[in-house]
Amino acid sequence: IDMAAGVTQQDRRIGSIIAKESKPCIIIVNKFDLYCPDAPLSARKDAVKEHIKENLFFLDYAPIAIVSAKLGEGMPAIFKSIARVREEALNMPGTGELNRLLQRAMEMNPPGQHRVLKKRLKLFYATTAVNEKYTTIPVPTYVLFVNDKRLLTDSYAAYLRNTIRSRIKAAGVPIVLSPRSRVRNSD
């Protein structure tokens, strides 16, 4: 992000593609030296982070590195962020931990009854899957085996993602949920 211009429509478009494709991300804010140069440093950094969070809210999982390429300031923050994202991407919960976490979340805030289907979401089992082609920074998919995947609303999925993020360190890595409906045998 060129902080002299702030977050532009093009930045939002690129960010939305990153979010839609569930890609790891670091937001690098450049030209920090030009942003309110007379204000105190900490106030400037807070204002920049707030601006980014307001405009790129869909990349809330991405760490922010504030730099000035012209002055060479903050450049180590980029590499620290990359290392942190790589390290935390490998910090996936085990199956037992994931199931306990999600069951506790569902007990604390049970899903509502679906208006049309007149049923509630039930989680039978959850596990973590990783696409083997992404070895540098793996993006896990949390597979949720449920009674009917149509019962998982966007708002409840966001609640479950936030619950996972609150307990599992994974800066820069999206939380991807993949609900699967239980298949009943009709023998």
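Everything discussed here concerns the structure shown above.
Residues numbered from 1 in each chain as written. Predicted model: local features only at pLDDT ≥ 70, side-chain atom pairs only at ≥ 80, totals over all residues. Heavy atoms only, no water.

Q: Which residues make up the pattern of salt bridges, and what values do they have?
A: In the structure shown here, the tally under the stated rule is four salt bridges. Of the charged contacts, one joins Lys-31 and Asp-2 as a salt bridge, the two residues approaching to 3.1 Å between their closest N and O atoms. Placement of Lys-31 in the loop between strand S1 (27-29) and helix H2 (41-55) and of Asp-2 in the segment before helix H1 (9-20) is noted, with a sequence separation of 29 residues between them. Among the salt bridges present, the one from Asp-148 reaches Lys-119, with a minimum N-O distance of 3.9 Å. Of this pair, Asp-148 sits in the loop between strand S4 (140-146) and helix H5 (154-167) while Lys-119 sits in the loop between helix H4 (95-108) and strand S3 (123-130), and the two are 29 residues apart along the sequence. Classification of Asp-148 as buried rests on a relative accessible area of 7%. In this structure Lys-119 comes out as partly exposed when scored by relative accessible area, which is 38%. (Salt bridge = Lys/Arg side-chain N within 4 Å of Asp/Glu carboxyl O. Helix = DSSP H or I, 4+ residues; strand = E, 2+ residues; numbered from the N terminus. Buried < 20%, exposed > 50% of the residue type's maximum accessible area, 1.4 Å probe, protein only.)

Q: Tell me what's going on with empty space enclosed by the protein, and back it up with residues and numbers.
A: Counted according to the given criterion, the structure contains one cavity of 30 Å³ or more. Counting only elements with at least two residues in the lining of the largest cavity, the list comes to helix H3 (75-89) and S4. When the residues that make up the lining of the largest cavity are grouped by side-chain class, the tally is nine nonpolar, one polar and one charged. (1 Å grid on protein atoms, 1.4 Å probe; cavity = no way out; pocket = protein on both sides within 12 Å on 5 of 7 lines; lining within 4 Å. Points joined across faces, edges and corners; volume = space filled by probe spheres on them. Nonpolar A, V, L, I, M, F, W, Y, C, P; charged D, E, K, R; others polar.)

Q: Residue-level account of the pairing of S4, with values.
A: Among the seven residues that make up S4, five are buried, leaving the element largely enclosed by the rest of the structure. Across six bridges, S4 lies against strand S5 (residues 176-181) in parallel orientation. Note that in S5 the partner of Val-146 across the bridge is Ser-181. (Pairing = 2+ DSSP bridges.)

Q: Explain the packing of aromatic side chains to me, and be specific about the residues and the numbers.
A: Applying the stated rule across the entire model yields three aromatic pairs. Relative to Phe-58, the ring of Phe-57 has its centre 5.2 Å away and its plane inclined at 75°; by these criteria the two rings are edge-to-face. Pairing Tyr-156 with Tyr-159 gives two aromatic rings, centres 5.3 Å apart and planes at 50°, and the pair type is tilted. Taken together, the residues Tyr-156 and Tyr-159, both in helix H5 and three residues apart, mark about one turn of the helix. (Phe/Tyr/Trp six-rings, centres within 6.5 Å; stacked < 30°, edge-to-face > 60°.)

By themselves, these figures tell us nothing about what the structure is for.
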